[in-house]
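# A look at the structure
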Amino acid sequence: MPRTIRTLTASEVETLVDWAAIEGWNPGIGDAAALRTADPEGFIGAFVGGEMVAGISAVAYGPSFGFIGLYICRPDRRGEGHGKAVWDAGMARLGDRIIGLDGVAEQRANYQRMGFVPVYETVRYSGRPAGLPDGGDIQPVTAADTAGILAYDRQCFPAPRDAFLREWLRQPRIALLSAGSAGIAGYGVARRCREGFKVGPLFADGTDHALALVAEFSGRIGNEALHIDVPASQVQFTAMLQAAGMAAGFTTTRMYKSGKPGNVRSMVFGITTLELG
């Protein structure tokens, strides 16, 4: 049967996120609808006989930056070229933008052959942290804080993503900020996942603000585990997480093609999602 490549509907994005759960990626509850707000046309599928056999997200954040994620072929249809077909469609959609992705170790060499350059490692820390310093002025994010959060995020993320953040900051996700003497000194979002809660993004002026946010998140989720995908360069932060009982696990490599974005990486203590950067 011929293969069709097209943009996914909202319900088909839900299916793609369900596939991610089957793969063990532990997506968030309600992620699909929120992810689509970043770029509703940025989710692509391959269909054979009316059934989706592969999918990918190729989200364009404006004209200069894009991100590849959710790259999955249905297990029973692998080896038939469907994965490559959606990959090619996603890359064509993003064109000459700087393109990012988070690649697992076994795919790193393949991505390098396609022109992606490794920039840093990301390590998932998981567990129930205990004894973290909880100082600072940690507050729930309110509607009045939105403009400030959007401005702060633009320092930390490679491109503006206002529509996505307005959705990502909404309940039932837990959105907190750290208030400093000059305004917002950090913010983060925690969301319930298939297992535990993930924190992302976690952006802050320094380690003390990031740790205070993690401590507050931990106190708000009861006995559930926290998961944070942390750039390995945040050595002091990761040492404190490990001392608090969180364990290092799953690793990925952040890679870029066609250049590197100019965001302030030292402020990134937890990436937003492996799907959207």
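Below: a short report on this structure. Owing to the predicted nature of the structure, the values given are computational and were not obtained by experimental measurement.

### Section: the pattern of salt bridges
Here the structure, examined in full by the defined rule, presents 17 salt bridges. For the salt bridge of glutamate 12 with arginine 6, the shortest nitrogen-to-oxygen distance reads 2.7 Å. Residue glutamate 12 is classed as buried on the basis of its relative accessible area of 15%. Note on arginine 6: relative accessible area 33%, which makes it partly exposed. Glutamate 80 serves as the salt-bridge partner of arginine 77, at 2.9 Å between the closest nitrogen and oxygen. Its relative accessible area of 40% is what places glutamate 80 among the partly exposed residues. Each of the salt bridges in this network shares a partner with another, and the network as a whole consists of Glu51, Arg74 and Asp76.

### Describing helix α1 (residues 10–22)
Over its 13 residues, α1 runs 19 Å from end to end, which matches the ideal 18 Å to within 8%, given 1.5 Å per residue. By the burial criterion, the buried members of α1 are Glu12, Val13, Leu16, Val17, Trp19 and Ala20. On an axial view of α1, the arc spanned by its buried residues comes to 150°, and they lie on one face. One or two steps after α1, the chain reaches glycine 24, where phi turns positive at roughly 90°.

### Details of the layout of surface pockets
As a volume, the largest pocket reaches approximately 830 Å³. Mapped by element, the contributors of at least two residues to the lining of the largest pocket are β4 (65–73), α3 (82–94), β5 (98–103), α4 (108–113) and β12 (247–257). With 6 residues, the top contributor of residues to the lining of the largest pocket is β4. Residues that form the lining of the largest pocket fall into these classes: 13 nonpolar, 11 polar and 9 charged. The computed volume of the second largest pocket comes to approximately 160 Å³. Around the second largest pocket sit 16 residues that line it, and Tyr120, Arg254, Asn263, Val268 and Ile271 are the ones nearest its centre. Partitioned by chemical class, the residues of the lining of the second largest pocket number 10 nonpolar, 4 polar and 2 charged.

### Topic: unusual backbone geometry
Note that the residue after glutamine 171, namely proline 172, is joined by a cis bond; omega there is 15°. Within the secondary structure layout, proline 172 lies in the loop between α6 (162–168) and β8 (174–180). A cis amide bond links glycine 200 to the next residue, proline 201, at an omega of 0°. In this fold, proline 201 is placed in strand β10 (residues 197–204). Unlike most non-glycine residues, leucine 70 shows phi in positive territory, near 45°. Within the secondary structure, leucine 70 sits in strand β4. Its identity as a non-glycine residue notwithstanding, serine 258 has a phi of 70°, on the positive side. By the element assignment, serine 258 lies in the loop between β12 and β13 (268–270). What makes serine 258 partly exposed here is its relative accessible area of 48%.

Rules of the game
- Residues numbered from 1 in each chain as written.
- Predicted model: local features only at pLDDT ≥ 70, side-chain atom pairs only at ≥ 80, totals over all residues.
- Heavy atoms only, no water.
- Salt bridge = Lys/Arg side-chain N within 4 Å of Asp/Glu carboxyl O.
- Buried < 20%, exposed > 50% of the residue type's maximum accessible area, 1.4 Å probe, protein only.
- Helix = DSSP H or I, 4+ residues; strand = E, 2+ residues; numbered from the N terminus.
- Expected span 1.5 Å × (residues − 1).
- Arc of directions from axis to C-beta.
- 1 Å grid on protein atoms, 1.4 Å probe; cavity = no way out; pocket = protein on both sides within 12 Å on 5 of 7 lines; lining within 4 Å.
- Points joined across faces, edges and corners; volume = space filled by probe spheres on them.
- Nonpolar A, V, L, I, M, F, W, Y, C, P; charged D, E, K, R; others polar.

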